[in-house]
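Reading the structure
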Amino acid sequence: MSVIDKSTSRDAALQEAFGAEVADLYAQAARGEANAALWRALELRSFLAVAEEQVARVRDRAHTALAADWDMDDLSAEDLRWDADWLEAALAGRDGYTAALDELLRTMPPPSQTAASHA
């Protein structure tokens, strides 16, 4: 599945900032119609989609290992330590991408100003 098809925690903010659905924003970029802010935002969003999927995978693996119906003989403290390390790394990546994307959206010119500068 493509990152375009994955939802992220910042999709609503992107849609509000750029006035279009995420798939339409990627289509604009593919047609060469994206300004620098949109290119950067979509790149960060793509990285964020991967990071959030990694967080979800590790979370789900830990939940499965700790489920009440899971065989206690299969429980491994070492595996859980690895998962905790992987989760920490995935969350750090996610946090970095969300911070960068939020900063970009906060500091970019309003859409009306951006549109006027390209006219």
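This text gives an overview of the structure that appears in the document. Each chain carries its own residue numbering, running from 1 in the direction its sequence is written. Note on the predicted model: pLDDT of at least 70 is required for a residue's local features to be given, and 80 or more for side-chain atom pairs to be given and counted; whole-chain, interface and lining totals, by contrast, use all residues. As a rule here, side-chain values cover all heavy atoms of the structure and leave hydrogens and water aside.

On to the environment of R94, then. Only DSSP runs of H or I reaching four residues or more are called helices, and only runs of E reaching two or more are called strands; each is numbered from the N terminus. Note on placement: R94 falls in helix α4 (residues 77-107). Residues R94 and A34 lie 60 residues apart in sequence; the distance between their C-alpha atoms is 24 Å. Residue contacts are counted whenever heavy atoms from the two residues lie within 4.5 Å of one another. If we skip the residues at most four places from it in the chain, R94 touches S9, R10, L48, A51, E52 and V55. The definition of a polar contact used here is a pair of N or O atoms within 3.5 Å, where within protein one atom must be able to donate a hydrogen and the other to accept one, and adjacent residues in sequence count solely through side-chain atom pairs. Polar contacts involving the side chain of R94 include one to the side chain of E52, which spans 3.1 Å.

Glancing now at the nonpolar core. What is meant by a nonpolar core is a set of buried Ala, Val, Leu, Ile, Met, Phe, Trp, Tyr and Cys residues, joined one to another through side-chain atoms within 4.5 Å. Relative accessibility under 20% of the residue-type maximum defines a buried residue, over 50% an exposed one, and the middle range a partly exposed one, all with a 1.4 Å probe and only protein chains included. Counting residues in hydrophobic clusters, the biggest one holds 19 residues, and the most contacted among them are F18, L101 and L105. It is helix α3 (residues 36-65) that contributes the most residues to this core, six residues altogether. Setting aside its immediate chain neighbours within four residues, F18 contacts L25, N35, A37, L38, A41, L105 and M108.

Further remarks concern the side chain of K6. Assignment of secondary structure puts K6 in the segment before α1 (11-18). We classify K6 as buried; its relative accessible area is 16%.

This part covers the packing of aromatic side chains. For this analysis, a ring pair means two rings from Phe, Tyr or Trp (six-membered ring only for Trp) whose centres lie within 6.5 Å, classed as stacked if their planes differ by under 30 degrees, edge-to-face if by over 60, and tilted for the remaining angles. Applying the stated rule across the entire model yields two aromatic pairs. When the centroid spacing of 5.4 Å and the interplanar angle of 40° are considered together, the rings of F47 and Y97 count as tilted. Here Y97 lies in helix α4 and F47 lies in helix α3, a separation of 50 residues in the sequence. In this structure Y97 comes out as partly exposed when scored by relative accessible area, which is 30%. With a centroid separation of 6.3 Å and an interplanar angle of 65°, the aromatic rings of W82 and W86 are classed as edge-to-face.

Next up on the list: the packing of α1 against α3. A pair of packed helices is captured by two measures, namely the crossing angle of their axes and the spacing between those axes. Packing of α1 against α3 brings their axes to within 12 Å, and their N-to-C directions diverge by 170°. Overall, the two elements α1 and α3 adopt an arrangement that is roughly antiparallel. Residue-level contacts link D11, L14 and F18 of α1 to A37, L38, A41 and R45 of α3. Classes in brief: Ala, Val, Leu, Ile, Met, Phe, Trp, Tyr, Cys and Pro nonpolar; Asp, Glu, Lys and Arg charged; the others, Gly included, polar. Here the residues of the contact of α1 with α3 sort into five nonpolar, no polar and two charged. Structural elements are reduced to axes, namely lines fitted to C-alpha atoms, with helices fitted over the stretch in contact, and the angle between N-to-C directions of any two is expressed from 0 to 180 degrees. Should an angle fall under 35 degrees it is taken as roughly parallel, and over 145 as roughly antiparallel, whereas 65 to 115 is taken as roughly perpendicular and any remaining angle as oblique.

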